[in-house]
Amino acid sequence: MLDPNPSSFPELNHLNDLLDLTWGSEVNEIMDSQLLSPLRDFLKRPGKKIRGKMVEIGFELASGKDLSKRTPFENQTLERASELLEFLHSASLIIDDIQDNSEERRGEPTVHRKYGMPLALNAGNWLYFWPLQNVETWGVSDSVRLNVYRICHRGLLRAHFGQALDVGLNIFETPQNKMKATCLASLELKSGALMAMALALGVVLGEGTQDLELKCQKFGHAFGIALQMFDDSGNASIAGPKQFEDLKLKRPSWLVATAAEALSLQEFGEFADAVGELPQTMRIQKVLEKYALIEKARNEAKQYLSHALGILDEDCFQNREKPVQRIYELADLLVRAYV
């Protein structure tokens, strides 16, 4: 879980300094109840914190320093950078849940279900800005701080392009021969962009080379795509509120990409008709089993993950055995969690 503390997340007694309001003391409790308290509730829910781990790995790739060699200041900076990624990711989840009208997130009602859509929308948007405001307090050099802003701005920009594909498109209105590329673009701009951002942040905090940053971003994109492939495949096979959510909403997903590539025009029409019967699931489950689509999706996800891990064989990752091994261990752990 993410446990916000006064140094990283504003508390009631910090609002006067933060907002500089003439009558701030009169509205602090209202501000807290309408914005900060719902976010504290959401941020304390358990999550995998994958991106925080990737920040640490990026730092170790750049600096050669594992936990035993890092200074207290470096540990603190990495903790704040990891928290920044988790805050940004949490913001995207809150907004995504609104756009998908999801009922549950991390075992509890989504923020908009629990607190209402207007409050959730404002809180999610606010959470995009707060962690970047906090970078000023990290104590890093001007050049490092500028690079942090650059990486975050590019990542957020790309993620919002990906979200435009996700929420603005009925994937079943896309020509079948363009579906896979469209779905992969959505996966890369959302899941891939955030993973690439995490690794790149670690590299710039470790003052690594530009070449290493670019190669880490290349790997991060591929790794994030592969993990989302496994996630999409798992969501289709496990009963619960998230099962078939992307299909119901006719959003780009790895399962749609797999069906579009594996099935003939007639067979894909059968798949699309079954999707049209959701939330009734009997027909889609029969079609998925008939054409072994979940198995095909997982097998190709394994191939894509192998491709992503192959990037670690490039020259810039040589002589960095420990952080590379951590990536392999993390990949194995996550794949097991998604299957």
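Caption draft 1: Broad picture of the environment of Asp32. Note that Asp32 resides in helix H2 (residues 24-43). The class of Asp32 is buried, set by a relative accessible area of 14%. Sequence separation between Asp32 and Leu12 is 20 residues, and the spatial gap between their C-alpha atoms is 6.2 Å. Ignoring any residue separated from it by four or fewer positions in sequence, one finds Asp32 in contact with Leu12, Leu15, Ser37, Pro38 and Arg40.

Caption draft 2: Structural view of the side chain of Ser186. When you line up the elements, Ser186 lands in helix H8 (residues 176-205). Exposure remark for Ser186: the relative accessible area of 3% places this residue in the buried category. Apart from residues no more than four positions distant in its own chain, Ser186 is found in contact with Gly162, Leu165, Asp166 and Pro252.

Caption draft 3: Seen up close, unusual backbone geometry. Looking along the chain, the bond that leaves Leu278 and enters Pro279 is cis, with omega of 15°. Inspection of the secondary structure puts Pro279 in the loop between helix H12 (265-276) and helix H13 (282-290). With a phi angle near 55°, Glu207 is a residue other than glycine that sits in the positive phi range. Residue position: Glu207 is located in the loop between H8 and helix H9 (210-237). The exposure class assigned to Glu207 is exposed, which follows from its relative accessible area of 66%. One non-glycine residue, Ala292, lies in positive phi territory at about 50°.

Caption draft 4: Spatial organisation of the pattern of salt bridges. On inspection of all chains with the given rule, the structure shows 25 salt bridges. Here Arg145 ties to Asp142 by a salt bridge, and the two come within 2.5 Å at their closest N and O atoms. With Arg145 and Asp142 both in helix H7 (residues 142-168), this residue pair falls three residues apart, about one helical turn. In this structure Arg145 comes out as buried when scored by relative accessible area, which is 18%.

Caption draft 5: Representation of the packing of H7 against H8 in the model. Interaxial distance between H7 and H8 falls to 8 Å at its minimum, and their mutual angle equals 170°. By the angle class used here, H7 and H8 are roughly antiparallel.

Caption draft 6: The arrangement of the nonpolar core in detail. Grouped together as the largest cluster of nonpolar side chains are 101 residues, with contacts concentrated most on Met54, Phe219 and Phe271. When residues of this core are assigned to their parent elements, the largest contribution, 13 residues, is made by H8. The residues touching Phe271, leaving out its near neighbours within four places in the chain, are Phe172, Leu247, Ala259, Leu263, Ile284, Val287, Leu288 and Leu293.

Caption draft 7: Region of the structure containing the confidence of the model for the protein chain. Chain-level pLDDT for the protein chain is 89 on average; 96% of the residues reach the 70-or-more range. Low pLDDT (under 50) marks residues 1-6, which in the prediction has 21 contacts with non-local residues, meaning those over four places away or in another chain.

Caption draft 8: Quick peek at the packing of aromatic side chains. Enumeration over the complete set of coordinates arrives at seven aromatic pairs. An angle of 35° between the planes, with centres 6.1 Å apart, marks the rings of Phe172 and Phe271 as tilted. Linking Phe172 in the loop between H7 and H8 with Phe271 in helix H12, this pair joins segments that are 99 residues apart in sequence. Ring plane angle 15° and centroid distance 5.2 Å describe the contact between Phe219 and Phe223, whose orientation is recorded as stacked. Placement of both Phe219 and Phe223 in helix H9 is noted, with a separation of four residues, approximately one turn of the helix. Phe219 gets classed as buried once you look at its relative accessible area, which sits at 1%. Three or more aromatic residues joined by ring pairs make a cluster, and in this case those are Phe9, Phe87, Trp126 and Trp130.

Caption draft 9: Molecular detail of H12. With 12 residues, H12 should reach 16 Å at 1.5 Å per residue; the first-to-last C-alpha distance of 16 Å fits that figure. The complete set of buried residues in H12 reads Phe268, Phe271, Ala274 and Val275. Down the axis of H12, the buried set is contained in an arc of 115°. They therefore lie on one face. Along H12, the residues that are exposed and aim more than 90 degrees away from the buried face are Leu265, Gln266 and Gly276. On the buried face of H12, the contacting elements are H8, helix H10 (245-248), helix H11 (254-262), H13 and helix H14 (293-310).

Cut-offs used in this document
Residues numbered from 1 in each chain as written. Predicted model: local features only at pLDDT ≥ 70, side-chain atom pairs only at ≥ 80, totals over all residues. Heavy atoms only, no water. Helix = DSSP H or I, 4+ residues; strand = E, 2+ residues; numbered from the N terminus. Buried < 20%, exposed > 50% of the residue type's maximum accessible area, 1.4 Å probe, protein only. Contact = heavy atoms within 4.5 Å. Salt bridge = Lys/Arg side-chain N within 4 Å of Asp/Glu carboxyl O. Axes fitted to C-alpha atoms, helices over the stretch in contact; angles between N-to-C directions. Parallel < 35°, antiparallel > 145°, perpendicular 65-115°, else oblique. Core = buried A, V, L, I, M, F, W, Y, C linked by side-chain atoms within 4.5 Å. pLDDT = per-residue confidence, 0-100. Phe/Tyr/Trp six-rings, centres within 6.5 Å; stacked < 30°, edge-to-face > 60°. Expected span 1.5 Å × (residues − 1). Arc of directions from axis to C-beta.

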